[in-house]
Amino acid sequence: MSTTGQETTSIDDSPGGGMPAPAPSTQLAIIGYDRELAVRWRNGPAAEMAARPPAEQLCAPACLADLGPQRCGPGCPVLLARADGHRHAAEFTFADGRTRRVQAEPTFDAHGAPNGVLECIEDRCPASPPPQSGTDGEWHEVLDSVNDAIFVHDAASGRILHVNATACRMYGYPREELAGRGIGELSGGEPPFTEAEARRWLERARTEGPQLFEWRAKARDGRQFWVEVGIRAGLDGSTGRLFVTVRDITRRKVLTEERERVAEALRQSEERFRLLLGRVPTVAVQGYGPDGIVRYWNEASAHLYCYTAAEAIGSNLLQLIIPPAMRDEVRIAIHQMAATGRPLPPGELLLQRKDGSLVPVFSSHAVVHLPGGSPELYCFDFDLTER
């Protein structure tokens, strides 16, 4: 069928992209189709548009015809979305003479298989003050149920036009006060968390596309906290609206900083430990993993066993200093120490130098467990040759 000059346009068909939120003045009809394009669900505005009860199940052609005969043709976004698995949008003049934007995207089941199409129909009516009931009232209720704070900004001035209930709780303002705040009043204030920089982020979203970044926010009582901010322009660039979602990530930042602090403390402690052992001339120290691969080899070990650190590190301890007759026994002992965390009792041993000669040592062991890693085993050998 003819689409009376309207052109179908593919938009943002990247995987995982969600349908952008409508401007507050938009009346949005939503229809869910199954894989065969039978209507399985639709909201109140969609039912009113088709003049049929929401619960009534219709086949796709009848529903498409009810909402505008033009949409039955090859340019129908619903048919295109089902056919190629991407999002499509187009504008149509409906039977009532009103122009509406139709957007459709495929839906998928838990296994990633296509199982239908979700269609949104936006009434391109002139902006008017949002009513407290009806379609926009439903959208206010939906936005207020979201766990993230949501702000709607005027794209030109940056002025806050609308906020949801989560934003009010997060920042500590009543709705009517928060909607009148400047973005600088909700920011930390210290560079780079200033009003000027916030405006630059809004401008980037308007001219370059969606933005995602971390920000230092400020509540009504002066408390500052970390947030993750997402900004995107409205459904149509001409709407002059920017939609901002704000998520409190203070706990995540605190945990990340604590993990980094602990990791740095461990790194410094390990560095001090290795420097200390490296400067003890009479104790040969070898560090190795559960697989026997050497990770640490101090100067005393090099002097006692005649392998340099470059030769020893990365090689297997069994092949370096354990006589062949002892290797099976030592291999089992290493496995037991790594599994139980209990070191072997100290004692005298005859170990092997690089040239194959044997050297008497008094050997003791330690097992060190590092967070997030495999255990490290350490052997401390005292040369008994001159005893």
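For the structure itself, consult the block above.
Residues numbered from 1 in each chain as written. Predicted model: local features only at pLDDT ≥ 70, side-chain atom pairs only at ≥ 80, totals over all residues. Heavy atoms only, no water.

J.: How should helix 3 (residues 77-84) be read in this particular structure?
T.: Within an α-helix, residues lying three or four positions from one another point in the same direction, as the helix has 3.6 residues per turn. Of all the positions in helix 3, only Pro77, Val78 and Ala81 are classed as buried. Mapping the buried residues of helix 3 onto a view down its axis gives an arc of 105°, with all of them on the same face. Just downstream of helix 3 lies Gly85, where phi reads positive at about 75°. (Buried < 20%, exposed > 50% of the residue type's maximum accessible area, 1.4 Å probe, protein only. Helix = DSSP H or I, 4+ residues; strand = E, 2+ residues; numbered from the N terminus. Arc of directions from axis to C-beta.)

J.: Explain unusual backbone geometry to me, please; I cannot follow it from the model alone.
T.: For residues that are not glycine, phi is negative in most cases, and the peptide bond is trans in most cases. Geometrically, the link from Pro191 to Pro192 is a cis peptide bond, its omega value of 5° lying close to zero. Inspection of the secondary structure assignment puts Pro192 in the loop between helix 6 (175-178) and helix 7 (195-208). Within the chain, Leu37 stands out as a residue other than glycine whose phi angle is a positive 65°. A positive phi angle is found at Cys306, which is not glycine, with a value near 70°. As for its placement among the helices and strands, Cys306 is situated in the loop between helix 9 (299-305) and helix 10 (309-312).

J.: What am I meant to see in the packing of aromatic side chains here?
T.: Here a ring pair, both rings aromatic, is described through the centre-centre distance and the interplanar angle of the planes. Under the definition given, this model contains eight aromatic pairs. Aromatic pair Phe193 and Trp215: ring centres 5.3 Å apart, planes at 85°, arrangement edge-to-face. Here Phe193, found in the loop between helix 6 and helix 7, pairs with Trp215, found in strand 9 (residues 211-218); they are 22 residues apart in sequence, far enough to count as distant. Take Phe193 and Trp215: they sit in the same class, and that class is buried. Counting every residue linked through ring pairs, the aromatic cluster contains Phe193, Trp201, Phe213, Trp215 and Trp226. (Phe/Tyr/Trp six-rings, centres within 6.5 Å; stacked < 30°, edge-to-face > 60°.)

J.: Hey, could you run me through the environment of Asn147 in this one?
T.: Along the chain, Asn147 turns up in the loop between helix 4 (134-144) and strand 7 (149-154). Given the relative accessible area of 70%, Asn147 is considered exposed. For the pair formed by Asn147 and Asn164, sequence separation is 17 residues and the distance between their alpha carbons is 9.7 Å.

J.: Explain the nonpolar core to me, please; I cannot follow it from the model alone.
T.: Generally speaking, nonpolar side chains in soluble globular proteins are found buried as a group. In terms of nonpolar packing, the biggest core is built from 31 residues, with Phe151, Tyr171, Leu178, Ile231 and Val246 touching the most fellow members. Here this core takes five residues from strand 10 (residues 224-233), the largest share from any one element. Excluding residues that lie within four positions of it along the chain, Phe151 makes contacts with Ile160, His162, Val163, Ala167, Tyr171, Leu178, Leu186, Leu242, Phe243, Val244 and Val246. Residues Val294, Leu318, Ile322 and Val367 belong to the second largest nonpolar core, which totals 26 residues. (Core = buried A, V, L, I, M, F, W, Y, C linked by side-chain atoms within 4.5 Å. Contact = heavy atoms within 4.5 Å.)

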